[in-house]
Amino acid sequence: MKGIITLIFSAFLPLSLLSQETDLSKIRTGLIEASRELSSISCDFIQTKESPMLSEKIIAYGRMSYKKTDYLKWEYEKPFRYTFILDGTDISVTGNGKTSASDISRNRMVREMARIIKGCIEGSLLSDSGDFDASIDIEDGIIYVYLQPVNRELKKLWSGMKLEYNLEDWHARSFEMQEVSGDVTTVVFSNCDYDFSK
């Protein structure tokens, strides 16, 4: 379930941010402002997991749906069918013909993952200075955001994250999550449909 994490989406980067500046506060402000206009997203994804414990990469395909502010559906379609739904504080997981449900407060890992997902989408993740140190590079039309956990609890789970956005429209391209165990999960998005508030 760790591989379900960290989506970053938003609408349009204000024109003042379209220079090659790497000023974190301007990028942060742009993400938060743009995300206010976002009502929902649906995308295809390819998720790749590499681990020192595995001889081969694990590759999965699926579809993600997000609705402001508290609904996320992460649905694996290949090579297996598995669905994770976060609706407010309720979580349901469906796989192998079985569905289980719980409250987010009962599982620390899931709670942190949900907070990170929401923070990425809504822009607050870059503002949570107590959780991550952030740095930004811009190269060849791509914004690279690097997050290093500083929160003690998060440092037990992840050693870092890398997020990529298109500079032209500020849409997410991919994210990479490095776990303390040495596992690396990469998610690449495609065929995204965005709905913006009127």
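Here, the structure is the one placed above.
Report on the accompanying structure. Bear in mind that the values here come from a model prediction, so they are computed numbers and not experimental data. Within each chain, residues carry numbers counting from 1 in the order of the written sequence. Local features in this predicted model are restricted to residues whose pLDDT is 70 or higher, and side-chain atom pairs enter the listing and the counts only when it is 80 or higher, whereas totals over whole chains, interfaces and linings include all residues. Hydrogen atoms and water are omitted, and side-chain values are computed over all heavy atoms in the structure.

**Re the overall build of the protein chain**
Reasoning step 1: Each helix and strand counted, the protein chain has three helices and eleven strands in total.
Reasoning step 2: Here a strand is any run of E in DSSP of at least two residues, a helix any run of H or I of at least four, and the numbering for each starts at the N terminus. Reading the protein chain from its N terminus to its C terminus gives the helix and strand order α-β-β-β-β-β-β-α-β-β-α-β-β-β.
Reasoning step 3: For each residue, the accessible area found with a 1.4 Å probe, counting protein chains only, is set against the maximum for its type, and the residue is called buried under 20%, exposed over 50%, and partly exposed in between. Of all 198 residues assigned to the protein chain, the portion counted as buried reaches 43%.
Reasoning step 4: When contacts within the protein chain are restricted to residue pairs at least 6 apart in sequence, those whose partners lie at least 24 apart make up 48%. In what follows, a contact means two residues having at least one pair of non-hydrogen atoms within 4.5 Å.

**Some details on the state of the cysteines**
Reasoning step 1: When the sulfur atoms of two cysteines come within 2.5 Å, that pair is taken as a disulfide. In the structure shown here, the tally under the stated rule is one disulfide.
Reasoning step 2: At a sulfur-sulfur separation of 2.3 Å, the disulfide partner of Cys43 is Cys192. Between Cys43 and Cys192, the S-S dihedral sits near 120 degrees, and the bridge is therefore right-handed. Taken as a pair, Cys43 in strand E1 (residues 38–50) and Cys192 in strand E11 (residues 184–196) lie far apart in primary sequence, 149 residues in all.

**As for a nonpolar patch on the surface**
Reasoning step 1: A grouping of Ile46, Ile59, Tyr61 and Val188 is seen on the molecular surface, where their side chains present a nonpolar patch of about 310 Å² in accessible area.
Reasoning step 2: Among the residues examined, Ile46 registers a relative accessible area of 36% and is labelled partly exposed. To count toward a patch, a residue needs a relative accessible area above 30% and no salt bridge. Like charges then connect within 9 Å, nonpolar side chains (Val, Leu, Ile, Met, Phe, Trp, Tyr) within 5 Å. The accessible surface values rely on the Shrake-Rupley method and a 1.4 Å probe; as for residues, cover is taken only from the protein chains in view. Whenever Lys or Arg places a side-chain nitrogen within 4 Å of a carboxyl oxygen from Asp or Glu, that contact is recorded as a salt bridge.

**Details of the side chain of Gln178**
Reasoning step 1: On the secondary structure map, Gln178 appears in strand E10 (residues 172–179).
Reasoning step 2: What Gln178 contacts, discounting residues up to four positions off in sequence, is Trp158, Ser159, Gly160, Met161, Lys162, Asp183 and Val184.

**Brief notes about the sheet that holds strand E4 (residues 82–87)**
Reasoning step 1: A pair of strands is considered paired only if DSSP assigns at least 2 bridges between the two. Across the sheet, eleven strands lie side by side as E6-E5-E4-E3-E2-E1-E11-E10-E9-E8-E7; this open sheet has antiparallel pairing. Every interior strand has two partners, whereas the edge strands, strand E6 (98–103) and strand E7 (132–139), have only one. Within this sheet the neighbouring strands show an average axis-to-axis angle of 15 degrees, counted without direction.
Reasoning step 2: In this sheet, strand E2 (residues 58–67) lies alongside E1 in antiparallel orientation, the contact comprising ten bridges. Helix axes are fitted only over the stretch in contact, all axes being lines through C-alpha atoms; the angle between N-to-C directions runs from 0 to 180 degrees.

**Points about the pairing of E6**
Reasoning step 1: With zero of six residues buried, E6 is to be regarded as a mostly surface element.
Reasoning step 2: Of the strand pairs in this sheet, strand E5 (residues 90–95) and E6 are connected by six bridges, and their pairing is antiparallel. Residue pairing in the sheet places Gly95 in a bridge with Lys98 of E6.
Reasoning step 3: Taking the residues that link successive antiparallel strands as the turn, the E5-E6 hairpin has two residues, and the phi of Asn96 there is positive, at about 55 degrees.

**Things to note about unusual backbone geometry**
Reasoning step 1: Looking along the chain, the bond that leaves Lys78 and enters Pro79 is cis, with omega of 0 degrees.
Reasoning step 2: Looking at the element boundaries, Pro79 is found in the loop between strand E3 (71–78) and E4.
Reasoning step 3: Its identity as a non-glycine residue notwithstanding, Asp140 has a phi of 50 degrees, on the positive side.
Reasoning step 4: Among the structural elements, Asp140 can be located in the loop between E7 and strand E8 (142–149).
Reasoning step 5: Residue Asp140 is classed as exposed on the basis of its relative accessible area, which comes to 72%.
Reasoning step 6: The residue Asn191 is not glycine, and still its phi comes out positive at about 50 degrees.

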